[in-house]
Amino acid sequence: MTRTNDKPGAPAKLIKLFGRQDNASGYELRDFLTRSGVEFEWQELTCDDDCAKALGMPELENVQLPVVELTNGDRLFGPSTKELAVKLGLMSNPSLREYDVSIYGAGPAGLSAAVYAASEGLKTVLIERDAVGGQAGTTSMIENYLGFPDGIAGADLAERARQQALKFGVEILMMREGVNAEFRNGKIRVDLADGGEMVARANICATGVDWRRLGLPNEADLLHAGIYYGAGASEAPLCKDEHVFIVGGGNSAGQAVMHLADYAKKVTMLVRDDALSASMSSYLIERIKGSSNVEVLYNSEVTELDGDAALGKLKYRHGDTSDVWVDTKRLFVAIGGMPHTEWAQGTDIMRDRAGYLVTGHDLIKDGISPSSWKLDRAPHFLETSVAGSFAAGDVRHRSIKRVATAVGEGAMAVTFVHQYLEETA
């Protein structure tokens, strides 16, 4: 399987991956490269002889899979995504001691904020704990985003935005994560997981959401070895002649169904409710209903998973019928998300019961601002309970979970950042 990339300005590195589909590390590398816009070729190894022949190594026991072969011939054995990112030159260190604005999360909201902030002259740094794109980056095809009548893959849209941000001078720090935030002397200071510190006069949180789990006993053991969250854009070409399952009834699940249906022999969609989600776009509903190899089972849920090193079968309950065991190698889960706001614990930033960041007028109760609010004015629309700290996109309380909305909020947040910087100059 080859992941090709013809986007202008994208990393022009064709590398090779050797491994097995039931290896979780192999999936993590495929997924990372797909979302990072890096061209690669995947070679499936089915036995020891294949590995020895492909790698030119007589002893397989000395080879740790997956193996990555770079364009210069260097090989990495069982690398982490961070190690691979370093080798590909996708990681860098901050060049400034202090920035005008730091943006956390490189999904649509964060990328939009970065483009607008840097293009308007702000010293901007964008920090992302994984690959650019967020949940949108895992989406196989976005067909209702303005300006792309033929649709665009989430990874492609994210890569275009990344290139645009770089053009305006944004510093993008990939594979970095903040572990502790402190607001002191009108600035945000964040300790990074790798030991560094990020200081900025204002910040925008666009950390988005993490995929919600099924909550089954051995789910974590099979993660990335048959259990995948989201559309599985990198896995679809590997599903030929397979019967795969998808859990969920919203747009993300619908997009995954249609993408996988182009490759798999059969796709079964398990929907908990008695209809597809009211939030699913009508064009997706019509396509799902019209697909000959797609089966939709309502009032259904996965109740058990089985497999040793990888998923081998699952049990699901359909309506009032008895639980049914089916053989399958792949289950894709797209049942919404949980906000990535653990970093806000211990700070004055308010979250709602579900963990989303509360902003603007929602902070005001009976005409009174929260105790952490130190300014005479009311919080701006996207401002959190700490002045100068803004939120945009899916991570925000009562946000509309759409790519276009996230992009708009990212741009809007920069306008408020300008106002805050002017009033505190």
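Residues numbered from 1 in each chain as written. Predicted model: local features only at pLDDT ≥ 70, side-chain atom pairs only at ≥ 80, totals over all residues. Heavy atoms only, no water.

### Side note on the side chain of Ser234
Here is step 1: Position of Ser234 relative to the elements: it lies in the loop between β13 (227-229) and β14 (243-247).
Here is step 2: A distance of 2.8 Å separates a polar atom in the side chain of Ser234 from a polar atom in the side chain of Glu235. (Helix = DSSP H or I, 4+ residues; strand = E, 2+ residues; numbered from the N terminus. Polar contact = N/O pair within 3.5 Å; in protein donor to acceptor, adjacent residues only side chain to side chain.)

### Digging into the confidence of the model for the protein
Here is step 1: On average, residues of the protein score 90 in pLDDT, and 93% of them reach the 70 mark or higher.
Here is step 2: Note that residues 1-13 has pLDDT below 50 and, in this model, 38 contacts with residues that lie over four places away or in other chains. (pLDDT = per-residue confidence, 0-100. Contact = heavy atoms within 4.5 Å.)

### Remarks on unusual backbone geometry
Here is step 1: For the bond from Leu65 to Pro66, the omega torsion is -5°, close enough to zero to count as cis.
Here is step 2: Tracing the chain through its elements places Pro66 in the loop between α2 (48-55) and β4 (67-69).
Here is step 3: One non-glycine residue, Met175, lies in positive phi territory at about 55°.
Here is step 4: The topology assignment puts Met175 in the loop between β8 (171-173) and β9 (178-184).
Here is step 5: For Met175, a relative accessible area of 11% puts it in the buried group.
Here is step 6: Despite not being glycine, Arg398 has its phi angle at roughly 65°, a positive value.
Here is step 7: Its location among the elements puts Arg398 in the loop between β22 (389-391) and α8 (403-424).
Here is step 8: A relative accessible area of 61% means that Arg398 is categorised as exposed. (Buried < 20%, exposed > 50% of the residue type's maximum accessible area, 1.4 Å probe, protein only.)

### Structural notes on the packing of aromatic side chains
Here is step 1: For the structure on display, the rule yields four aromatic pairs.
Here is step 2: By the ring-pair criterion, three or more aromatic residues cluster together here, those being Tyr27, Tyr228 and Phe332.
Here is step 3: When the ring centre of Trp42 is taken as reference, the NZ or CZ atom of Arg30 above it lies at 4.3 Å.
Here is step 4: For the cation-ring pair, Lys313 lies above Trp325, with the distance from its terminal atom to the ring centre recorded as 5.0 Å. (Phe/Tyr/Trp six-rings, centres within 6.5 Å; stacked < 30°, edge-to-face > 60°. Lys NZ or Arg CZ within 6 Å of the ring centre and 35° of its normal.)

### Let's talk about the pairing of strand β10 (residues 187-192)
The side chains of a regular strand alternate, first on one face of the sheet and then on the other.
Here is step 1: Looking at chain direction, β9 and β10 are connected through six bridges and run antiparallel. Pairing of Arg184 across the sheet is with Lys187, part of β10.
Here is step 2: In textbook terms, the turn of a hairpin is the stretch between consecutive antiparallel strands, and for β10 and strand β11 (residues 197-205) this stretch comprises four residues, one of which, Gly195, has a positive phi near 105°. (Pairing = 2+ DSSP bridges.)

### Some words on the sheet that holds strand β15 (residues 266-270)
Within a sheet, adjacent strands bond to each other through the backbone by hydrogen bonds, running parallel or antiparallel.
Here is step 1: Strand order in the open sheet formed by five strands is β13-β20-β14-β15-β16, with parallel pairing between adjacent strands. Of all the strands in the sheet, just β13 and β16 (294-297) have a single pairing partner and so form its edges. For this sheet the average axis-to-axis angle between neighbouring strands, irrespective of direction, equals 20°.
Here is step 2: As paired elements, β15 and β16 share four bridges and run parallel to each other. Looking at β16, one finds that Leu270 is bridged to Leu297. (Axes fitted to C-alpha atoms, helices over the stretch in contact; angles between N-to-C directions.)

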